[in-house]
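The lines below spell out each chain.
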Amino acid sequence: MQPKPTVQGLPVYQPGKPIDEVKREYGLQHVIKLASNENPFGCSPYVLEHLLPSAKEAALYPDGAARELREQMARHLGIEEGQLLFGNGSDELVQLISRCYLQPGTNAVMADVTFPRYETNCRIEGADVIKVPLKDGTHDLDAMAQAVNDETKVVWLCNPNNPTGTMVTHDDVVQFLDQIPSSALVVMDEAYVEYVTDDRFPDSLSLLSEYPNLIILRTFSKIYGLASLRVGYGIASPDILTELNRVREPFNVNALAQRAGVLALEDQSFVQDCRTKNTSGIEQLTSAFDRLNMRYFPSQANFVFVQTGVPSEEVFQHLLEQGIIVRHDTSWGFPTGIRVTIGSQEENAAFIQALEQFIQKRGRERVL
Ligand SMILES: *Cc1c(COP(=O)(O)O)cnc(C)c1O
C-alpha cells in the first residue's frame, strides 16, 4: 500500500523529549524540560480546583459550537462571538486553514525558519511552499510580500516567531497587509502574544475590520498552561470562519478543554504573574549569554534562541545528560543554535550552570 504522493517521505513531527523518557534513559531523578515552550508554573490553581466536576459529563459529546467558551472569549477580547473558531489546539486551525485553502497549483508563503506545522500541512495538501529567509532572525516582510503571487492562497506570519522569538511591529504589519492581494489569506499566529511586553507589537484585533483576509491564531497551550487539553482559537471575519467550519470535525474541542478555557480566562492574575516571571527569566538568561559572549535574538516569547558557539547536537546531548532538555534542529540552519524555554528561576539557573560548565570544559571553535 502506498499513501498519496504528497504524504510520501513527509517528515514526522519530532516533539521535545518527554521527561520520563530522559529519566529512564539517563538514570536521573530530576529532569527539567525547557524544550516545548510549556508553562513552567503549570496552569492556574483556580482551573485545577474547578475543572474536575466537568469530568462527570464525559459520556456526552461536547458542545460543538463551544458556546460558553465563545461567549467568555468574545467578552474577554471585546469582539463578536461570530469572529471566533475553536480548535483542538491551534495546530488544528493550521490544518483546517491548509485543508480549506490549499491544493496542487496553489502556494503558501512562509518564513525560513518558522513553526514547522505550516510547511507540513501545506505539503499534505499538495501546495507549493515558498520560503523566505529571516533577516536577523526576524520575518523579512518586504521579501515575503514580494514572494506573493497570483497562486498564493495563504501567507503564514508567526509573531513572535518560533523558534527565534523575534517580533514584527504593528507598523510593519500594516505596511505588509497593504501589499497583499485579497485572494491570499494572511495568518498571524500569535501563540505567545500574552508574553509580549514590547508596545510596538501589533494590535492585530484592530486590523480585522480593515483586512478581511486576516486570521489571528491564539492558544491556551502556552501562557495559560493547558497544552495537554488542546484548545486553540482563530479570530477572523465570519466569512472566513464559515469556510473553515465546513472542514472542521463537529466535536473537535472536548468538554474538559472548553471548561478549562472558560476557567482559565477568569484568572487573569495568573497570566499577569507568568508574564512578569517570564520577563525576568528572559533577563536572567540573556545576561548570562552576554557574559558568556553568546549571540541571541531578542525574544518577546517564552523562549530564547541562542548561538552557543558549540555544535548544537553536542550542547543538546550534554545538557540532556545533566537532566536538562532543550531544543535543536539541523533544519534551522544555525549550526550552534539551540532554543531554550524560559523556566522558573531555579530551572534557568540550572540550565545556565550546566551550559557554562560545558563551554568551559570543551571550549568553542567559533567565537560569535
Ligand atoms: C506551540 C505553538 C502552536 C501550537 O499550539 P497548540 O495550540 O498547542 O496547538 C502554534 N503556533 C506556534 C508558533 C507555536 O509555537
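Each remark here, short or long, concerns the structure printed above.
Quick notes on the rules
Residues numbered from 1 in each chain as written. Predicted model: local features only at pLDDT ≥ 70, side-chain atom pairs only at ≥ 80, totals over all residues. Heavy atoms only, no water. Helix = DSSP H or I, 4+ residues; strand = E, 2+ residues; numbered from the N terminus. Rg over C-alpha atoms; globule rule 2.2 N^0.38 Å. Contact = heavy atoms within 4.5 Å. Lys, Arg positive; Asp, Glu negative; His and termini not counted. Charge placed at Lys NZ, Arg CZ, Asp CG, Glu CD. Pairing = 2+ DSSP bridges. Axes fitted to C-alpha atoms, helices over the stretch in contact; angles between N-to-C directions. Parallel < 35°, antiparallel > 145°, perpendicular 65-115°, else oblique. Left-handed = near helix turned anticlockwise from the far one by under 90°. Nonpolar A, V, L, I, M, F, W, Y, C, P; charged D, E, K, R; others polar.

> Mind laying out the overall build of the protein chain, listing which residues take part and the relevant values?
Each helix and strand counted, the protein chain has 12 helices and 12 strands in total. Its C-alpha atoms give the protein chain a radius of gyration of 21 Å, within 12% of the compact-globule value 21 Å for 368 residues. Principal-axis analysis of the C-alpha atoms places the extent of the protein chain at approximately 60 × 55 × 50 Å. A sequence separation of at least 24 residues applies to 75% of the contacts in the protein chain between residues at least 6 apart. Seen as two clouds, the 32 positive and the 48 negative side-chain charges of the protein chain have centres 5 Å apart.

> Residue-level account of the sheet that holds strand 3 (residues 107-112), with values.
Spatially, seven strands are ordered 2-8-7-6-5-3-4 in an open sheet, and the strand pairing comes out mixed. One side of each edge strand has no neighbouring strand; the edge strands of this open sheet are strand 2 (84-87) and strand 4 (128-133). With strand direction ignored, the average angle separating the axes of adjacent strands in the sheet is 25°. Pairing geometry for strand 6 (residues 185-189) and strand 7 (residues 214-219), over four bridges, is parallel.

> Summarise the packing of helix 11 (residues 312-321) against helix 12 (residues 345-362); cite the residues concerned and give the values.
Two numbers describe how helix 11 lies on helix 12: the axes approach to 10 Å, and their chain directions differ by 125°. Here helix 12 runs oblique to helix 11, going by the angle between their axes. Here helix 11 and helix 12 pass one another in a crossing that is right-handed. For the pair helix 11 and helix 12, contact is made by Glu314, Val315, His318 and Leu319 and by Phe351, Ala354, Leu355, Phe358, Lys361 and Arg362, respectively. For the contact of helix 11 with helix 12, the residue count by class is six nonpolar, one polar and three charged.

From the geometry alone we can't say anything about function, so treat these as descriptive.
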